[in-house]
Amino acid sequence: MGDASELSAALIDGKILSRSVTDALSSRVRFLAEHGVCPKLAVLLVGDDPASQTYVRSKERLCKKLGLASEVIRLSDDISKGALLAEIARLNADPLTHGILVQLPLPKHLDEREILFSISPDKDVDGFHPANVGLLASGAPRFVPCTPKGIMSMLDSIGCEIEGKRCVVVGRSNIVGKPIAQLLLARSATVTICHSRTRSLADFTREADILVVAVGRPRMITGDMVKPGSVVVDVGVNRVDGKLCGDVDFESASRVASWITPVPGGVGLMTVAMLMENTVESAERSAGIII
Ligand code: NAP
C-alpha cells in the first residue's frame with residue numbers, strides 16, 4: 001500500500017490495466033483460433049436506453065479489436081417474456097456461442113431475475129446465474145461477475161495486501177456490492193457491507209483500509225469520510241451537467257487516500273476487459289483447454 005504521508009493519492013489507472021488484460025487475452029484468442037475456435041459473445045439489448053446502447057457498443061468494439069465474434073440482438077422494448085426467453089434458449093443451444101449477456105436494466109414488464117436465470121450457467125459470462133453466485137459464495141468460482149473481478153485485478157496490480165485488512169463496501173447490489181464483498185472475504189479481509197439503511201456511514205468508511213463504493217450517488221463519499229492512506233475504489237458512474245463522475249468526491253478523497261480509481265478511466269474499463277476474459281475462458285472451457 002502507498003505511503004500515508006503522501007499528499008495526493010496515486011491513480012489506479014483502468015486504461016493501462018485494461019490494456020494489459022486485453023493484451024494478455026490476444027495470445028489466448030490466437031491459441032483458440034489455431035484449434036478452430038472463435039470465442040463468441042451474444043448480447044441481448046432490449047429497448048433503446050441510450051446508456052445501454054453505449055455500453056453495448058463498447059463491448060462490440062472490444063470484441064472486434066480482440067478477434068472475438070459478437071452478436072448483438074436488438075429487441076423492441078415491448079418484447080414479450082416468452083419471445084425473450086426463446087431468444088435466450090436459442091443462444092443456450094448454439095454451440096458457437098460461448099457467452100450470453102442480457103444488458104440491464106430491462107423494461108419494467110420483464111422480471112430481471114427470471115430472464116437472467118434462464119441463461120445457461122455455462123455461458124453466463126456476467127456471473128449472475130444462481131449456480132455461479134453459489135459457486136462464488138462457496139469458494140469455487142466459475143464465472144466471477146465482471147466489475148468485482150476487475151476491482152480485484154486493480155487491487156492486485158498495485159500490490160495491495162488484502163489479507164487481514166478492513167474492507168468496507170458501500171452498496172449491496174448483486175452485480176457489485178455482494179460479489180466484491182465475497183471476493184474480499186475469500187482473500188481473508190474483514191469485510192463490512194453498508195447500504196441505504198446503514199446508520200452513520202462515515203463511521204464505517206473512515207475505518208476502511210480498502211473502500212469500495214458502488215451506490216450511484218454523485219460524489220457522496222467525501223475526503224473527510226476516507227481513512228488516510230487507504231485505497232479507494234469508485235465504481236459509481238453518474239452524469240452531472242453532462243460530465244461523468246463517480247460516487248467518490250475525487251478531489252477531496254484523493255488528498256487523503258494513498259490510491260484511488262478515477263471516473264472515467266477506472267473500474268468501467270476493467271469491467272469490459274473482464275467480460276472479454278470471461279468469454280475467452282468460456283470458449284477455452286468448451287474446447288476442453290481448461291476445466
Ligand atoms: P444498485 O443496484 O442501485 O445498488 C445501489 C446500492 O447502494 C444499494 O445497495 C443501496 O442500498 C445503496 N445505497 C443507496 N443509497 C445509499 C446511501 N445513501 N448510503 C449507502 N448506501 C446507499 O446499483 P449498482 O448496480 O450496484 O451500481 C452502483 C453504481 O455503480 C451505479 O452508479 C452504477 O452505474 C455503477 N456501476 C458501474 C459499473 C462499472 O463498470 N463501472 C458496473 C456496475 C455498476 P439498498 O440496498 O439499501 O437500497
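Predicted, not measured: the structure shown is a model, and the values here were computed from it. (Residues numbered from 1 in each chain as written. Predicted model: local features only at pLDDT ≥ 70, side-chain atom pairs only at ≥ 80, totals over all residues. Heavy atoms only, no water.)

**A closer look at the overall build of the protein**
No. 1: The number of helices and strands found in the protein is ten helices and eleven strands.
No. 2: Its C-alpha atoms put the protein at 55 × 45 × 35 Å along the principal axes.
No. 3: Residue burial in the protein is summarised as follows: out of 291 residues, 49% are buried.
No. 4: Here the analysis covers contacts within the protein between residues at least 6 apart in sequence; of these, 70% occur between residues at least 24 apart.
No. 5: Summed over its atoms, the accessible surface of the protein is roughly 13,700 Å², and 53% of this surface lies on carbon and sulfur atoms.
No. 6: Each charge sign in the protein was given a centre, from 33 positive and 34 negative side chains, and these centres are 1 Å apart. (Helix = DSSP H or I, 4+ residues; strand = E, 2+ residues; numbered from the N terminus. Buried < 20%, exposed > 50% of the residue type's maximum accessible area, 1.4 Å probe, protein only. Contact = heavy atoms within 4.5 Å. Areas by Shrake-Rupley, 256 points an atom, 1.4 Å probe, with all protein chains shown as cover. Lys, Arg positive; Asp, Glu negative; His and termini not counted. Charge placed at Lys NZ, Arg CZ, Asp CG, Glu CD.)

**Quick word on helix α7 (residues 177-186)**
No. 1: Along α7, the positions that sit buried rather than exposed are G177, P179, I180, A181, L183 and L184.
No. 2: Buried positions along α7 lie against α5 (130-137), α6 (146-157), β5 (166-170), β6 (190-194) and β7 (210-213).
No. 3: Within two residues after α7, S188 carries a phi angle of roughly 65 degrees, on the positive side.

**Observations concerning the layout of surface pockets**
No. 1: By volume, the second largest pocket amounts to about 380 Å³.
No. 2: Every residue lining the second largest pocket is counted, 20 residues in all, and those nearest its centre are F117, F128, V133, N174 and I175.
No. 3: Only α4 (112-117), α5 and α7 provide two or more residues apiece to the lining of the second largest pocket.
No. 4: Counting residues per element, the lining of the second largest pocket draws most heavily on α5, at five residues.
No. 5: A class-by-class count of the residues in the lining of the second largest pocket yields twelve nonpolar, five polar and three charged. (1 Å grid on protein atoms, 1.4 Å probe; cavity = no way out; pocket = protein on both sides within 12 Å on 5 of 7 lines; lining within 4 Å. Points joined across faces, edges and corners; volume = space filled by probe spheres on them. Nonpolar A, V, L, I, M, F, W, Y, C, P; charged D, E, K, R; others polar.)

**Comments concerning the side chain of S252**
No. 1: Position of S252 among the secondary structure elements: in helix α9 (residues 250-253).
No. 2: Judged by its relative accessible area of 16%, S252 falls in the buried class.
No. 3: A distance of 2.5 Å separates the side chain of S252 from the side chain of D249, its partner in a polar contact.
No. 4: For S252, the contacting residues outside a window of four places in its chain are T222 and G223. (Polar contact = N/O pair within 3.5 Å; in protein donor to acceptor, adjacent residues only side chain to side chain.)

**Observations regarding the sheet that holds strand β1 (residues 10-11)**
No. 1: Spatially, β1-β11-β8-β7-β5-β6 is the arrangement adopted by the six strands of the open sheet, whose pairing is parallel. Edge positions in the sheet fall to β1 and β6, since each of these pairs with one other strand and no more.
No. 2: Relative to strand β11 (residues 259-260), β1 runs parallel, the two being bridged by two bridges. Pairing of L11 across the sheet is with I260, part of β11. (Pairing = 2+ DSSP bridges.)

**Here's the deal with the pattern of salt bridges**
No. 1: Evaluation of the coordinates by the stated rule reveals 15 salt bridges.
No. 2: Note that D209 and K227 form a salt bridge whose closest N and O atoms lie 2.8 Å from each other. Here K227 lies in the loop between β7 and β8 (231-234) and D209 lies in the loop between α8 (201-205) and β7, a separation of 18 residues in the sequence. (Salt bridge = Lys/Arg side-chain N within 4 Å of Asp/Glu carboxyl O.)

**Quick look at the site of the ligand**
No. 1: The environment of the ligand is made up of 19 residues, and the closest members are R172, S173, S196, V237 and T271.
No. 2: At 2.7 Å from an oxygen atom of the ligand is found a side-chain nitrogen or oxygen belonging to R172.
No. 3: One of the side-chain nitrogen or oxygen atoms of S173 is found 2.6 Å away from an oxygen atom of the ligand. (Near = heavy atom within 4 Å.)

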